[in-house]
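Chains, contacts and geometry: an overview
Below are the chains, spelled out letter by letter.
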Amino acid sequence: MNAPISPASPASPADTLRTALAGLLDGLPPKQATQAVDRLIANYRGRTPTDAPILRDRADVAAYAAYRMPATFEAVRSALDALADAAPEGWAPGSHVDVGGGTGAATWAVASTWAGERPVTVLDWAEPALALGRELAGAEPRLKAARWQRSRIGASLAIESTDLVTVSYVLGELTEADRASVVEAAADAAAQAVVIIEPGTPDGYTRIMEARERLIAAGFRIAAPCPHSAACPIEPGTDWCHFSARVSRSSLHRQVKGGSLAYEDEKFSYVAAVRFDPVPPSARVVRRPQIRKGQVLLDLCGAEEELRRETVTKRHGPLYRAARDADWGDAWPPPSAE
Ligand SMILES: C[S@@+](CC[C@H](N)C(=O)[O-])C[C@H]1O[C@@H](n2cnc3c(N)ncnc32)[C@H](O)[C@@H]1O
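All values reported here derive from a predicted model rather than from experimental measurement.

1. Comments concerning the domain arrangement of the protein
Splitting the protein by domain gives domain 1 (13–274) and domain 2 (283–337). Computed over C-alpha atoms, the centres of domain 1 and domain 2 are 29 Å apart. Taken together, the contact pairs 12 residues of domain 1 with 12 residues of domain 2. Those elements that place two or more of their residues in the side of domain 1 that touches domain 2 are helix H4 (69–86) and strand S7 (243–248). In terms of residue class, the side of domain 1 that touches domain 2 is built from eight nonpolar, three polar and one charged.

Here it is as structure tokens:
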């Protein structure tokens with residue numbers, strides 16, 4: 001990764017965000033917080049696309065931020081890590097526009113992936129989401145100057161020119177025509193990279209595949225997760241490419257979902273497309289590795305545009321140790337073992 005920020009740093013954006021989100025529900029009776037989340041989940045279920053924002057007021061956006069933002073933040077951060085790994089040494093975006101950015105999860109993920117300051121603009125049609133995003137960003141010096149602008153995704157959407165455009169968990173809320181518009185506008189605006197993230201469901205993956213095709217047609221190359229820019233080797237309808245990010249559960253999560261698990265796994269699909277020459281890995285681990293006695297089974301998507309299973313055994317020495325450490329979504333083999 002380029003210019004990484006140590007996750008152990010006490011002032012890392014991830015820590016600052018966690019603290020800011022915890023403060024959000026201070027003073028809100030637990031029952032009220034739970035009700036706001038229930039309403040949010042009900043509103044999202046089966047009612048999108050809508051012709052008016054779902055996030056209508058402060059209670060909606062506070063519930064969204066406290067309940068969903070930690071997960072969307074981790075998913076975006078994983079996608080950006082993979083982009084950083086496939087970018088030339090030292091590359092970092094000089095500016096960022098987050099479309100349908102809501103409370104700004106992707107802006108925090110960018111700040112946590114690349115050091116340094118950059119102009120940041122967040123576009124969304126929900127004013128309460130922008131207002132809360134601005135408030136949260138006040139806690140992170142590098143996001144304080146971000147611009148939060150009301151903007152509706154549609155045929156007339158124009159995005160200012162920027163290095164990086166992110167579109168995180170938005171396509172699923174749009175009509176087919178608006179999905180095409182936002183991807184085309186992102187491609188027009190991005191001088192360097194477009195990163196699109198969706199839930200890790202069959203539908204989310206299908207939307208990512210459509211976006212991927214549009215980005216390739218617009219002259220982009222795929223930096224991640226695919227090790228190539230050719231067609232996806234998954235036969236439509238048989239499987240879907242997705243990954244998993246671990247998210248610490250907040251007390252609100254435990255309240256709403258019950259149980260005492262300290263974490264949950266957010267499943268997501270994504271594509272990172274670039275205008276420069278990417279250095280994608282020779283293969284990527286596309287399922288959770290299966291560790292057996294003396295061997296590790298890795299399901300891989302390879303640069304030769306094929307899916308394959310590799311069995312790495314003790315006889316492979318250092319590669320076996322690397323396989324035991326390999327995670328779903330990692331590049332394979334790891335650079336240190338190549
Ligand atoms: C699920 S939220 C994702 C928010 C944020 N990107 C994240 O990853 O946490 C979807 C966002 O898309 C915005 N959105 C949906 N349809 C839109 C439209 N037509 N124009 C602008 N924003 C839209 C919503 O207001 C909301 O903030």
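There is more to say, and it comes next.
2. Thoughts on the site of the ligand
Around the ligand sit 21 residues, and of these Thr-72, Gly-100, Gly-102, Trp-125 and Ser-168 come closest. If you list the elements that add at least two residues to the shell around the ligand, you get H4 and helix H5 (105–113). The residue inventory of the shell around the ligand, partitioned by class, reads 12 nonpolar, five polar and four charged.

3. Section: unusual backbone geometry
Residues Ala-224 and Pro-225 are joined by a peptide bond in cis, for which omega reads 0 degrees. Cis geometry marks the peptide bond from Trp-332 to Pro-333, where omega comes out at -10 degrees. In this fold, Pro-333 is placed in the segment after strand S13 (331–332). A positive phi is found at Tyr-169, a non-glycine position, where the angle reads about 55 degrees. With respect to the element layout, Tyr-169 can be found in the loop between strand S4 (162–168) and helix H7 (176–189). The backbone of Glu-305 shows a phi angle near 65 degrees, a positive value even though the residue is not glycine. Relative to the helices and strands, Glu-305 resides in the loop between strand S11 (295–302) and strand S12 (307–313).

4. Describing the nonpolar core
Counting 102 residues, the largest nonpolar core has Leu-83, Ala-186, Val-194 and Ala-272 as the members making the most contacts within it. Sorting elements by how many residues they give to this core places H4 first, with 11 residues. Both domains that furnish three or more residues to this core are identified here as domain 1 (13–274) and domain 2 (283–337). The residues contacting Val-194, other than those within four sequence positions of it, are Val-165, Ala-186, Ala-187, Leu-215, Phe-220 and Ala-273.

5. A short note on the confidence of the model for the protein
As a general rule, the predicted coordinates of low-pLDDT regions are not to be interpreted in detail. Looking at the protein, the pLDDT average stands at 91 and 94% of residues meet or exceed 70. Predicted confidence is poor over residues 6–10, with pLDDT under 50, and the contacts of this stretch with residues over four places away or in other chains come to four contacts.

6. Remarks on the environment of Tyr-270
Among the structural elements, Tyr-270 can be located in strand S8 (residues 263–274). Using a count of 28 C-beta atoms within 10 Å as the deciding quantity, one classes Tyr-270 as buried. With 63 residues separating them in the primary sequence, Tyr-270 and Arg-207 have C-alpha atoms 9.5 Å apart. Sequence-distant contacts of Tyr-270, defined by excluding residues within four places in its chain, comprise Ala-79, Val-195, Ile-196, Ile-197, Ile-208 and Pro-225.

7. A closer look at helix H1 (residues 13–24)
Compared with an ideal rise of 1.5 Å per residue, which puts 12 residues at 16 Å, H1 spans 16 Å between its outermost C-alpha atoms and is within 8% of the ideal. Among the residues of H1, Pro-13, Thr-16, Leu-17, Leu-21 and Leu-24 are the ones counted as buried. For H1, the buried positions fall inside an angular range of 130 degrees around the axis, keeping them on one side. Exposed side of H1, more than 90 degrees from the buried face: Thr-19 and Gly-23 are the residues found there. Looking at the buried residues of H1, the elements they touch are helix H3 (58–67), H4 and H5.

The rules behind these values
- Residues numbered from 1 in each chain as written.
- Predicted model: local features only at pLDDT ≥ 70, side-chain atom pairs only at ≥ 80, totals over all residues.
- Domains from an automatic or database assignment.
- Contact = placed C-beta atoms within 7 Å.
- Helix = DSSP H or I, 4+ residues; strand = E, 2+ residues; numbered from the N terminus.
- Nonpolar A, V, L, I, M, F, W, Y, C, P; charged D, E, K, R; others polar.
- Near = placed C-beta within 6 Å.
- Core = buried A, V, L, I, M, F, W, Y, C linked by C-beta atoms within 7 Å.
- Buried ≥ 20, exposed ≤ 12 C-beta atoms within 10 Å, placed from the backbone.
- pLDDT = per-residue confidence, 0-100.
- Expected span 1.5 Å × (residues − 1).
- Arc of directions from axis to C-beta.

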